[in-house]
Each structure stands twice: as structure tokens, then as C-alpha cells.
Amino acid sequence: MMFDLVIFDCDGVLLDSEIISATMLIEELAKLGVDIDLAYVARHFLGRSYPTVMETIRREFSLTLQPDFEATYRARLLESFETELKVMPHVTEVIADLALPYCIATSSSPMRAAKSLSMVGLGHLVGPALFTSTLVAKGKPAPDLFLYAAAQMGVAPERCLVIEDSLTGIRAARAAGMTVWRFTGGSHLKDRSLDEPEDARPDLRFASFADFYQIAPELRAQR
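All of these numbers come straight from a predicted model, not from anything done at the bench.

A. Spotlight on the pairing of strand β5 (residues 179–183). Where burial is concerned, most of β5 is hidden: five out of the five residues are buried. Pairing geometry for strand β4 (residues 160–164) and β5, over four bridges, is parallel. Looking at β5, one finds that Val-162 is bridged to Val-180. With helix α8 (residues 167–175) bridging β4 and its parallel neighbour β5, the resulting β-α-β unit is right-handed. The pairing of β5 with strand β6 (residues 204–206) spans three bridges and is classified as parallel. Each residue of the ladder has a partner; that of Arg-182, found in β6, is Arg-205.

Structure follows, in C-alpha cells:
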């Protein structure tokens, strides 16, 4: 087998959450006079941590955010998740049938990741194999988070398979020396151009987790 570990991103891979987050961010910034669209969010923010997104907004738009902006945004987002958040189709079955260890490496905060996964019935994934960007000095696109996750799981980087949706995440996986597959089935990527710069090209693309074991049958546990 080529791999000893599968590392899943969370938002946009396990959870169809990116479209909810992006839409709400656009709405909140519009109240402050900042006009951006989904394409802008995908290009500049997808796969990055919330502090990095906020710092970019402050810098690019010379915007001073109110002290309660982050707390208000996070609270509204979790409220939306309660009614709108969905698990990606077929991903639960893929995880259940994996023949090798797996973990999650996400730019989300520990609280958001844990709550989001629990909301869609993936609470069993919350635990020692859930790694967030708060654990490393530099988040994606730096390789730190993926390298940290691999080290904690006791696996060499070159033996890891990363499942990512964002160019930021692909860059991080490549910088870590890992194989990376791009999942393109999230609502935030529907009907969008999947332009991939040279430094953010995955080793493989797939649009549905229903195809996961057709692509790599050796990763499926024998029953």
C-alpha cells in the first residue's frame, strides 16, 4: 500500500460548510461597506484560519473591526450550521471502511470543528486525531499543520494522503511532501472554474466520495 495515513481537511471536505461560511462573511462585511463575492472569498480566504482572514480584511480594506465582530460572526455562523450544515455525501461510509489510520487537520478553531462535526453525526471523530491550526506556529498554506499531524500519528510525510478542497490546503500538503487529492464536490465549488496554479496542483481530483474506493480500492478494509 502506498499510504499509512489519510489526512482529511474538515470544512469543504467532510462538511459542506464553506458555502455557509462564505455567504455569511460576505453579508457581515457588506454591513461595513466592504463589497466582496464568492469568487473573492474562494481566491483569498478558502482554507485559511479565521485570524488570518480577519488580518487580510483589515489590511486590504483598511478596515477597523469592532471588538465584538469575531464573536458575533462565530455565533451567527454556528446558528446557521444548526439548520443548514450537512455532511458530505458518502464520506461517512468512506471513513468507516478505511483500511488504514486517519486524522483531521483543519484551519477551524477547536470549538468550531468539534461542534460542527457533532452536529452532523461525526462527533466520534472529535478527539486525539483532530488537529487544528491553533497547534502550530503557521497555518495553511505553510506545511506545519500537516507535518504536525503526521508526526503525532507516527507516520512519515511521504506516506500520507491528504484530502483537500482549497488551493491553500493543496499548497500546504505539497509543501509537506505529501500526496494530495482535491475533492471538488462541495457546494462552494459547484459550477466554478477550478483554476490551479503550478504550486497548487493536486495529484488527483474527484467530485464524489462515492468514487473514493473506485479510485483506490486498496484503501478499503477487507470485510
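There is more to say, and it comes next.
B. A look at the nonpolar core. Membership of the largest hydrophobic core comes to 53 residues, with the highest contact counts inside it found for Phe-8, Leu-14, Ile-163, Phe-209, Phe-212 and Leu-219. In terms of residue count, the dominant contributor to this core is helix α1 (residues 18–30) (six residues). In contact with Phe-8, not counting residues within four places along its chain, are Val-13, Leu-14, Ile-95, Leu-98, Tyr-102, Cys-103, Ile-104, Ala-105, Ile-163 and Phe-209.

C. How the structure looks around α8. Listing the buried residues of α8 in full gives Thr-168, Gly-169, Ile-170, Ala-172 and Ala-173. Where α8 is buried, its residues touch α7 (144–153), β4 and β5. Just beyond α8, the residue with positive phi is Gly-177, at close to 80°.

D. Structural view of the packing of aromatic side chains. Per the stated rule, a full pass over the model turns up twelve aromatic pairs. Taking 4.6 Å as the distance between ring centres and 35° as the angle between the ring planes, the aromatic pair formed by Phe-183 and Phe-209 counts as tilted. With Phe-183 in strand β5 and Phe-209 in the loop between β6 and α9 (212–215), this residue pair connects regions lying 26 residues apart in the sequence. The same class applies to Phe-183 and to Phe-209, which are both buried. Connected via pairs of aromatic rings, a cluster forms that spans Trp-181, Phe-183, Phe-206, Phe-209, Phe-212 and Tyr-213.

E. The sheet that holds β4, seen in detail. With respect to topology, six strands assemble into an open sheet ordered β3-β2-β1-β4-β5-β6, the strand pairing being parallel. A strand with exactly one partner marks an edge of an open sheet, and here the two such strands are β3 (130–132) and β6. Here the average twist between neighbouring strands, direction ignored, is 25°. Strand direction decides the pairing type here: strand β1 (residues 5–8) and strand β2 (residues 102–106), joined by three bridges, are parallel. The residue bridging Val-6 from the neighbouring strand is Tyr-102, located in β2. Strand contacts of α8: β4 and β5, with the helix running at about 170° to β5, the strand carrying the most contacts.

F. Region of the structure containing the side chain of Thr-106. Inspection of the secondary structure assignment puts Thr-106 in strand β2. For Thr-106, a relative accessible area of 1% gives the class buried. A polar contact is formed between the side chain of Thr-106 and the backbone nitrogen of Ser-108, at a distance of 3.0 Å. Beyond its immediate chain neighbours, meaning those up to four positions away, Thr-106 contacts Asp-9, Cys-10, Asp-11, Ala-113, Leu-130, Phe-131, Thr-132, Ser-133, Lys-140 and Leu-145.

G. Spatial organisation of the packing of α1 against helix α4 (residues 69–84). Where α1 contacts α4, the axes come no closer than 10 Å and their chain directions differ by 140°. In terms of axis orientation, α1 runs oblique to α4. Considering the relative orientation of α1 and α4, their crossing is right-handed. Two secondary-structure elements touch here, α1 through Ile-20, Ser-21, Met-24, Leu-25, Glu-27, Glu-28 and Leu-29 and α4 through Phe-69, Tyr-73, Arg-76, Leu-77, Ser-80, Phe-81 and Glu-84. Residues that form the contact of α1 with α4 fall into these classes: eight nonpolar, two polar and four charged.

H. Local environment of the pairing of β2. The element β2 is largely enclosed, with a buried count of four among its five residues. In the sheet, β2 pairs with β3 via three bridges, with the strands oriented parallel. Following the sheet pairing, Ile-104 is matched in β3 by Leu-130. Following the chain from β2 across helix α6 (residues 110–119) to the adjacent parallel β3, one finds a crossover that is right-handed.

The rules we used
In this numbering scheme, every chain counts its residues from 1 along its sequence in written order. Note on the predicted model: pLDDT of at least 70 is required for a residue's local features to be given, and 80 or more for side-chain atom pairs to be given and counted; whole-chain, interface and lining totals, by contrast, use all residues. Side-chain measures here rest on the full set of heavy atoms in the structure, leaving out hydrogens and waters. In this scheme, a residue with accessible area under 20% of its type's maximum is buried, one over 50% is exposed, and one in between is partly exposed, where area comes from a 1.4 Å probe on protein chains only. The helix count covers DSSP runs of H or I at least four residues long, the strand count covers runs of E at least two residues long, and both are numbered beginning at the N terminus. Strand pairing is defined by DSSP finding a minimum of two bridges between the two strands. A right-handed crossover is one whose linking path, passing over the helix from the first strand to the second, runs clockwise when the strands point away from the viewer. We define a nonpolar core as any set of buried Ala, Val, Leu, Ile, Met, Phe, Trp, Tyr and Cys residues linked to one another through side-chain atoms lying within 4.5 Å. In this description, contact between two residues means that some pair of their heavy atoms is separated by no more than 4.5 Å. For Phe, Tyr and Trp, where Trp contributes only its six-membered ring, two rings pair if their centres lie within 6.5 Å, and the inter-plane angle classes them as stacked under 30 degrees, edge-to-face over 60, or tilted in between. Axis lines are fitted through C-alpha atoms, for helices just across the contact stretch, and the angle between N-to-C directions can take any value from 0 to 180 degrees. Pairing of N or O atoms within 3.5 Å defines a polar contact, subject to two protein rules: one partner must be a possible hydrogen donor and the other a possible acceptor, and residues neighboring in sequence count only if both atoms are side-chain atoms. Any angle from 65 to 115 degrees is called roughly perpendicular, while one under 35 is roughly parallel, one over 145 is roughly antiparallel, and all others are oblique. Here a crossing is taken to be left-handed if its near helix is turned anticlockwise relative to the far helix by less than a right angle, and right-handed if that turn runs clockwise. Throughout, the ten residues Ala, Val, Leu, Ile, Met, Phe, Trp, Tyr, Cys and Pro are labelled nonpolar, Asp, Glu, Lys and Arg are labelled charged, and all others, Gly among them, are labelled polar.

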